[in-house]
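Chain and residue survey
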Amino acid sequence: MGPGHRAVWVAITAAALMAGVGCGRRAAEAADASSKVVDDTAGILSVLTRAGDLSQDLGSAEVRMTTDLGTGQPVAMDGLYTWGDGYAFDVEMDTAAARLQTLQDAPRIRALFVDGAYYYDVDPQPAGPLAGKEWMKVDASAMFGDAGPQALSESDGPVASLSSLKYADDVEELGKETVGGQRTTHYRAVLDGGGPYGSVTGDADSITVDVWVGGKELPVRLKQTVGEVTVTMDFEKFGGTAAVQAPPAAQTGDLTEAVEQGGAAQ
């Protein structure tokens with residue numbers, strides 16, 4: 001082999017070696033990146049699972065909840081939510097948003113859900129089922145069918161969605177943020193509407209869940225977006241609350257049958 005051929009061979013061999021090293025390095029970098037994505041996903045899901053487990057164990061929370069149906073007029077509900085031994089709440093909300101302004105003159109109305117029924121603190125009426133009564137009762141079955149109470153009980157309250165994040169198509173950490181005076185880490189998860197969470201997303205293609213986790217590994221804020229509907233929950237306090245009690249029967253008028261017959265507005 002002459003000097004010229006040898007030089008060409010050396011050059012080609014060197015180039016091949018360099019290319020091989022480059023490919024090997026790129027493959028290693030790609031593997032490292034893929035491993036990091038897997039590690040990050042597993043780490044985020046671990047944090048969110050921990051937040052969900054701790055929340056469920058505590059069994060109750062003071063919550064400020066806002067529901068935006070995409071109309072530009074969000075509905076706010078503030079109060080106590082309990083779960084574990086059955087889903088229940090004791091909240092106040094806008095009377096007009098509850099469409100009960102014909103039964104309650106005050107701008108805000110107290111609403112309970114306990115033992116599979118809704119209760120609304122109304123003004124005593126002059127006649128009918130609510131004559132002289134302070135509370136209106138409507139069984140959940142009148143609104144959601146016979147499966148309503150069971151479905152609501154199984155939902156286990158406002159933090160139940162955290163347990164469904166194992167079905168998320170993708171998760172990410174969005175950084176540090178201050179929420180309600182607390183330092184939190186903001187996470188986002190997207191669940192496929194056609195996957196195991198499809199029964200919750202309805203006709204929407206997906207549901208986006210944003211979670212802000214604080215220093216105690218508990219959610220400080222939870223936001224769920226399904227189509228045009230967004231529900232935001234700020235957790236003021238977990239645990240240490242009394243159980244929600246149904247109002248005394250003597251002070252309650254039952255409108256379940258009227259609602260079932262479509263006469264609730266009357």
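Below you will find a few notes about this structure.

Here is what the cut-offs are and how they apply
Residues numbered from 1 in each chain as written. Predicted model: local features only at pLDDT ≥ 70, side-chain atom pairs only at ≥ 80, totals over all residues. Heavy atoms only, no water. Helix = DSSP H or I, 4+ residues; strand = E, 2+ residues; numbered from the N terminus. Buried < 20%, exposed > 50% of the residue type's maximum accessible area, 1.4 Å probe, protein only. Contact = heavy atoms within 4.5 Å. Areas by Shrake-Rupley, 256 points an atom, 1.4 Å probe, with all protein chains shown as cover. Salt bridge = Lys/Arg side-chain N within 4 Å of Asp/Glu carboxyl O. Core = buried A, V, L, I, M, F, W, Y, C linked by side-chain atoms within 4.5 Å. Pairing = 2+ DSSP bridges. Axes fitted to C-alpha atoms, helices over the stretch in contact; angles between N-to-C directions. Phe/Tyr/Trp six-rings, centres within 6.5 Å; stacked < 30°, edge-to-face > 60°.

1. Here we look at the overall build of the protein chain
- Counting its regular elements, the protein chain contains 5 helices and 12 strands.
- Taking all 266 residues of the protein chain together, 35% fall into the buried category.
- Relative to all contacts within the protein chain whose residues are 6 or more apart in sequence, the contacts with residues 24 or more apart total 45%.
- When the accessible surface of the protein chain is totalled, it reaches about 14800 Å², and 52% of it is carbon and sulfur.

2. With respect to the environment of L103
- Secondary-structure assignment places L103 in the loop between strand 3 (88-94) and strand 4 (108-114).
- Taking C-alpha positions, L103 is 7.6 Å from Q125, a pair spaced 22 residues apart along the chain.
- Filtering out sequence-adjacent residues up to four positions away, L103 remains in contact with V122, D123, Q125, L130 and M136.

3. Concerning the pattern of salt bridges
- Inspection of the entire model under this criterion finds 8 salt bridges.
- The salt bridge involving E217 is made with R50; its shortest N-O contact spans 3.6 Å. Of this pair, E217 sits in the loop between strand 9 (206-213) and strand 10 (219-226) while R50 sits in helix 1 (residues 3-58), and the two are 167 residues apart along the sequence.
- What makes E217 partly exposed here is its relative accessible area of 39%.

4. Digging into the environment of A96
- Here A96 shows up in the loop between strand 3 and strand 4.
- Taking the C-alpha atoms as reference, A96 lies 7.3 Å from P107; in sequence the two are 11 residues apart.

5. What about the nonpolar core?
- By size, the foremost hydrophobic cluster in this structure holds 45 residues, and its most contacted members are Y81, F89, Y120, M136, L165, V211 and F235.
- Discounting chain neighbours no more than four positions away, the residues touching Y81 are G59, S60, A61, V63, M65, Y87, A88, F89, V91 and P158.
- In this structure, L80, A88, A117 and W135 belong to the second largest nonpolar core, which totals 8 residues.

6. Digging into the sheet that holds strand 9
- Read across the open sheet, the 12 strands follow the order 7-8-9-10-11-1-2-3-4-5-6-12; overall the sheet is mixed. Among the strands making up the open sheet, the edge pair consists of strand 7 (168-179) and strand 12 (252-254). Adjacent strand axes in the sheet meet at a mean angle of 20° when their direction is disregarded.
- Bridge count for strand 8 (residues 182-192) against strand 9 is 8 bridges, and the pairing is antiparallel. Residue pairing across strands places D192 opposite S206, the latter belonging to strand 9.

7. Description of the pairing of strand 6 (residues 135-139)
- Sheet analysis places strand 5 (residues 117-121) next to strand 6, joined by 5 bridges and oriented antiparallel. Residue pairing in the sheet places A117 in a bridge with D139 of strand 6.
- Of the pairings in the sheet, the one linking strand 6 to strand 12 comprises 3 bridges and is parallel in character. Paired with W135 across the strands is T252, a residue of strand 12.

8. Thoughts on the pairing of strand 3
- In the sheet, strand 2 (residues 75-82) pairs with strand 3 via 6 bridges, with the strands oriented antiparallel. When the bridges of strand 3 are listed, T82 appears paired with A88.
- Hairpin connection, strand 2 to strand 3: the antiparallel pair is bridged by 5 residues, and G84 has positive phi, about 95°.
- Two elements, strand 3 and strand 4, share 6 bridges in a ladder whose sense is antiparallel. Of the residues in strand 4, the one forming a bridge with M93 is I109.

9. Things to note about the side chain of T82
- With respect to the helices, strands and loops of the structure, T82 is situated in strand 2.
- You can call T82 buried: its relative accessible area is 11%.

10. Here we look at the packing of aromatic side chains
- By the definition in use, this model includes 8 aromatic pairs.
- On the numbers, 6.1 Å between centres and 65° between planes, the contact of Y87 with F89 is edge-to-face. Here Y87 matches F89 in class, with each residue buried.
- Centre to centre, the rings of Y118 and Y120 are 6.5 Å apart; their planes meet at 15°, and the pair counts as stacked.

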